[in-house]
Amino acid sequence: MAVELTQEELKSPLKKYFDRDIAPVPADIFKQIMDGDFGDAKGLHPNDLNRMFEDGYLDGEFGIFRFEDGGLSLANLTDMPGVTPEMFDWWFAWHALSTMRYKIWDKDDHYYAQTRNVEQALNDKLSMRERYVGTTHDVKEALLDGEAPVDVVLHFVDPTEVGFDPEKLKTFKGTIVCTPAPATMIHFIRPTATGCELRTRFYLGYAYENGKYTKIPDFDTPEMLAKALLIHNVKEFRHLAKILPEVYNEYKDDFYVGLNDTDHRSCF
């Protein structure tokens, strides 16, 4: 299925971004993911998340890792030159107000996005983080080109709710965008000399209770699903890195662009 534009979206000022070419996952990275030999011992277990605050890099910054308890982790590292943590927070506050904004992120695989918390996202008395933390987004996306899209519900929470140390967060110069278990998603952004880098982690099959992750019995993730999710993540965030500085500079003060586009909430 191809992502199509409505008549309203065809007239949107954002269409110039939709028309941009989006690069496929490089062949060598695609092969590496499909071969899947990353060495399970290198993965960062969710109970060790606070090691991400350490300087430098950890083992297993990229790949798919199965832990001894049966849980699964995906890791990706994306260089984002020209991007700041503020831009990344802005994007998550801004993009789910209009499906067209989600489509320009990945025109091959992103079909629909809508926050359930429109008033919060539009509240200019809040910081960008406050505009999306605590909100829920309904999303429709495909993981691989040509595959049928699936419905996803994302609830964004404060990083302390997925296990990050509040004391370490006080001095952290980046930002963390996250959704909770049983499919914990973490986008850990930290500044670099040229912009930022995104260290993504997905943890599949865990429950987080009383400050600890434990494997959910009988919860299993097929390896092919994990590979598809990592391929999708590589593609969408490489493209976001290319367009975000320009989109931000043009629309950082405009939360209303495209909100008259056809409302797709009836899809859900």
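Residues numbered from 1 in each chain as written. Predicted model: local features only at pLDDT ≥ 70, side-chain atom pairs only at ≥ 80, totals over all residues. Heavy atoms only, no water.

Trainee: How should I be thinking about the overall build of the protein chain in this particular structure?
Mentor: Scanning the protein chain from N- to C-terminus turns up nine helices and 10 strands. Burial statistics for the protein chain: of 268 residues in total, 51% are counted as buried. Pairs at least 24 apart in sequence give 66% of the contacts found in the protein chain among residues at least 6 apart. Summed over its atoms, the accessible surface of the protein chain is roughly 12,600 Å², and 50% of this surface lies on carbon and sulfur atoms. Charge separation in the protein chain, taken as the distance between the mean sites of 30 positive and 46 negative side-chain charges, equals 3 Å. (Helix = DSSP H or I, 4+ residues; strand = E, 2+ residues; numbered from the N terminus. Buried < 20%, exposed > 50% of the residue type's maximum accessible area, 1.4 Å probe, protein only. Contact = heavy atoms within 4.5 Å. Areas by Shrake-Rupley, 256 points an atom, 1.4 Å probe, with all protein chains shown as cover. Lys, Arg positive; Asp, Glu negative; His and termini not counted. Charge placed at Lys NZ, Arg CZ, Asp CG, Glu CD.)

Trainee: I'm lost on the packing of helix H4 (residues 85-94) against helix H9 (residues 223-251) in this one. Help?
Mentor: How two helices sit against one another is set out by the angle between their axes and by the gap between those axes. For the pair H4 and H9, the least separation of the axes is 10 Å and the interaxial angle reads 85°. In terms of orientation, H4 and H9 fall into the roughly perpendicular class. Facing H4, whose interface residues are Met-87, Phe-88, Trp-90, Trp-91 and Trp-94, H9 presents Phe-237, Leu-240, Leu-244, Pro-245, Val-247, Tyr-248 and Tyr-251. In terms of residue class, the contact of H4 with H9 is made up of 12 nonpolar, no polar and no charged. (Axes fitted to C-alpha atoms, helices over the stretch in contact; angles between N-to-C directions. Parallel < 35°, antiparallel > 145°, perpendicular 65-115°, else oblique. Nonpolar A, V, L, I, M, F, W, Y, C, P; charged D, E, K, R; others polar.)

Trainee: What is the right way to read the environment of Leu-77 from this model?
Mentor: Relative to the assigned elements, Leu-77 resides in strand E2 (residues 72-81). It is 32 Å that separates the C-alpha atoms of Leu-77 and Asp-124, two residues lying 47 residues apart in sequence. Beyond its immediate sequence surroundings of up to four residues, Leu-77 is in contact with Tyr-57, Glu-61, Phe-62, Glu-197, Leu-198 and Arg-199.

Trainee: Explain the state of the cysteines to me, please; I cannot follow it from the model alone.
Mentor: Throughout this description, disulfide means a covalent bond between two cysteine sulfur atoms. Scanning the model with the defined rule gives zero disulfides in all. Of all cysteine sulfurs, the one in Cys-196 lies closest to Cys-178, which takes part in no disulfide; the gap is 16 Å. Overall, the relative accessible area of 1% leaves Cys-178 in the buried class. (Disulfide = S-S within 2.5 Å.)

Trainee: Please clarify how the pairing of strand E8 (residues 195-204) should be interpreted in this entry.
Mentor: Two faces make up the sheet, and in a regular strand the side chains alternate between them. A large share of E8 lies buried, amounting to 10 of its 10 residues. Relative to E8, E2 is paired through 10 bridges, and the arrangement is antiparallel. Bridging from a neighbouring strand, Thr-78 pairs with Leu-198 of E8. Note: strand E7 (residues 183-191) against E8, nine bridges, orientation antiparallel. Bridged to Ile-186 within E8 is Arg-201. Once E7 ends, the chain turns through three residues before running back antiparallel as E8. (Pairing = 2+ DSSP bridges.)

Trainee: Even after reading the chapter, I still don't get the nonpolar core, so can you show me in this structure?
Mentor: A general feature of soluble globular proteins is that nonpolar side chains tend to end up buried together. Among the nonpolar cores identified, the biggest contains 60 residues, and Phe-88, Trp-90, Trp-91, Trp-94, Leu-240 and Val-247 are the most heavily contacted of them. Among the elements that make up this core, the one with the highest residue count is H9 (14 residues). In terms of nonpolar packing, the next biggest core, distinct from the first, is built from 17 residues, Leu-44, Met-52, Phe-67 and Tyr-203 among them. (Core = buried A, V, L, I, M, F, W, Y, C linked by side-chain atoms within 4.5 Å.)

Trainee: What should I look at first to understand the sheet that holds strand E4 (residues 136-141) in this one?
Mentor: Whenever strands of a sheet pair, they do so through backbone hydrogen bonds, lying parallel or antiparallel. Here we have three strands laid out as an open sheet, ordered E3-E4-E5, and antiparallel in their pairing. Every other strand in the sheet has two partners, leaving strand E3 (110-115) and strand E5 (150-155) as the edge strands with one partner each. Averaged over all adjacent pairs, the angle separating strand axes in this sheet is 15°, with direction ignored. Relative to E4, E3 is paired through five bridges, and the arrangement is antiparallel. Paired with Thr-115 across the bridge in E4 is His-137.

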